Protein chains: 2
Amino acid sequence: MGMMRNRPFTDILARLRTAGLRPTRQRLALGKLLFADGNRHVTAEMLHEEAVDNKIQVSLATVYNTLNQFTDAGLLREVVVESGRSYFDTNTSEHHHIFHVDNGALEDLSDDSMRLVELPVLPEGTQLERVDIVIRVRNSN
Amino acid sequence: MGMMRNRPFTDILARLRTAGLRPTRQRLALGKLLFADGNRHVTAEMLHEEAVDNKIQVSLATVYNTLNQFTDAGLLREVVVESGRSYFDTNTSEHHHIFHVDNGALEDLSDDSMRLVELPVLPEGTQLERVDIVIRVRNSN
DNA sequence: GTGTTTGCAAAGTGTTTGCAATTTA
DNA sequence: TAAATTGCAAACACTTTGCAAACAC
């Protein structure tokens, strides 16, 4: 039972080690914020603000670097919904998104609620990297 | 037959008028580049370069402004495939895209080659704005 | 100790904006 | 001539980078 308490932290330590990233104070703290509470979608700005609010001393540049390193290591996935802002998703499995254009909120979509009938024929000499589906919604009032 | 030659230009003049945009030299020239040859996907930078190559005197700022005005007027549609770069599509009907991650090329997908089984249930209080599907491919060698 | 990571500030992208000069109607 | 548009340069938002100081192992 007591072990449960520490699982997130321990988990992150292991994740970083596996990814070949030194578990520095900043990476551990950011990882804790990112992975402790299930699926999250954050921008660098959002995560930095959250870190500051939690009295974690880390620069915005390091947040950017960390998000990119986590993404390269497969711990995060980048989601493109708006030009000029990068979102990072803690859910790296294949799935799609709902994007709220009014407030910039992004949520996962359970994969089974939606699926493509069939993939189109890909252009000659290309291979599929991934299919991105974004359902864009706005407040209906 | 002779009339065919001028159709694109005349068409653009009419489009601009309908959209309430004064048909200035720059807008007409950019519109001609955009709409003369069927469906195109351009960034501001690309269109500006093309204009310069065609001896059309227009500033990059005006290209940006024009692309935004055309988009607001429904003559273009913005497509988000990469954070940090905006693409504009001359095809404003409902359709999806193939994005070549290696070279940044973007192409339309015929709508019938692909379709969603069903839309997910939208969050309470929201309405659908649009569904964006991007098939990301890379060179397979 | 050695190599890695951090933080800052500076530089880099892509895009928007203020305003005087120009153009359109 | 009145109102809209252009072009430039400056400002912007977001992101990356160079390098000295701090840190991990």
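None of the values given here were measured: they were computed from a predicted structure.

Quick notes on the relation of the copies chain A and chain B
One copy of the chain maps onto the other through a rotation about an axis plus a displacement along that axis. At an RMSD of 0.0 Å, chain A and chain B line up after a rotation of 180 degrees and a shift of 0.0 Å along the axis. In short, the pair behaves as if placed about a two-fold rotation axis. Comparing interface residues between copies, 100% of those in chain A also sit at the interface in chain B, which points to an isologous, same-surface contact.

Here's the deal with the protein's contact with DNA strand C
In the vicinity of DNA strand C lie 18 residues, with Gln26(A), Thr62(A), Tyr64(B), Gly84(B) and Ser86(B) positioned nearest. Here a phosphate oxygen of DNA strand C and a backbone polar atom of Ser59(A) are 3.1 Å apart. For the surface near DNA strand C, the secondary structure elements donating two or more residues are α2 (25-35) and α4 (60-72) of chain A together with α4 (60-72) and β3 (85-89) of chain B. Considering every element that reaches the surface near DNA strand C, the biggest residue donor is α4(B), with four residues. Partitioned by chemical class, the residues of the surface near DNA strand C number five nonpolar, nine polar and four charged.

Some details on the confidence of the model for chain A
For chain A, mean pLDDT is 88; residues scoring 70 or higher make up 89% of the total. Mean pLDDT across the elements of chain A ranges from a minimum in helix α1 (residues 2-19) of chain A, with 66, to a maximum in α4(A), with 97.

Let's talk about unusual backbone geometry
Positive phi, normally seen in glycine, also occurs at Lys55(A), with a value near 60 degrees. Position of Lys55(A) relative to the elements: it lies in the loop between α3 (44-53) and α4.

Some remarks on the pairing of β3(B)
Regular strands place side chains that alternate from one sheet face to the opposite one. Residue and element names in this part refer to chain B. Across two bridges, the pairing between strand β1 (residues 41-42) and β3 is antiparallel. Bridge pairing in β3 places Val42 opposite Phe88. Alignment of strand β2 (residues 77-82) against β3, held across four bridges, turns out to be antiparallel. What sits directly across from Glu78, in β3, is Phe88. Where β2 folds back on β3, the antiparallel hairpin that results is connected by two residues, among which Gly84 adopts a positive phi of roughly 95 degrees.

Points about the sheet that holds strand β6 (residues 126-139) of chain A
Read from one edge of the open sheet, six strands run β5(A)-β4(A)-β6(A)-β6(B)-β4(B)-β5(B), paired in mixed fashion. The open sheet has two free edges, formed respectively by β5 (105-109) of chain A together with β5 (106-109) of chain B, since each of these has just one partner strand. Strand after strand, the sheet turns through a mean of 25 degrees between neighbouring axes, direction not considered. In this structure, strand β4 (residues 96-100) of chain A lies alongside β5(A), joined through five bridges in antiparallel fashion. Each bridged residue has a counterpart across the sheet, and for His97(A) the counterpart in β5(A) is Asp108(A).

Cut-offs used in this document
Per-chain numbering applies: the sequence of each chain, read as written, is numbered from 1 onward. Chain A is the first chain written and ligand 1 is the first ligand written, with later ones labelled in order. Only residues with pLDDT of 70 or above have their local features reported here, since the model is predicted, and side-chain atom pairs are shown and tallied only from 80 upward, although totals for entire chains, interfaces and linings are computed over all residues. As a convention, hydrogens and water are excluded, and side-chain values are obtained from all of the structure's heavy atoms. To line up the copies, we fit them by least squares on C-alpha atoms, keeping just the residues with pLDDT of at least 70 in both. Two residues form a contact once any of their heavy atoms are found within 4.5 Å. A cutoff of 4 Å decides nearness: a residue is near a molecule or strand if any of its heavy atoms lies inside that distance of it. Here a polar contact means two N or O atoms within 3.5 Å. Within protein one must be a hydrogen donor candidate and the other an acceptor candidate, and residues neighboring in sequence count only if both atoms are side-chain atoms. Runs of H or I in DSSP of at least four residues are treated as helices and runs of E of at least two as strands, each being numbered from the N terminus. Charged means Asp, Glu, Lys or Arg here, nonpolar means Ala, Val, Leu, Ile, Met, Phe, Trp, Tyr, Cys or Pro, and polar covers whatever is left, Gly included. As a per-residue measure, pLDDT tells how confident the predictor is, with possible values from 0 to 100. Being paired, for any two strands, means DSSP has found at least two bridges between them. Every axis in this analysis is a line fitted to C-alpha atoms, fitted for helices over the stretch in contact. Angles between the N-to-C directions lie between 0 and 180 degrees.

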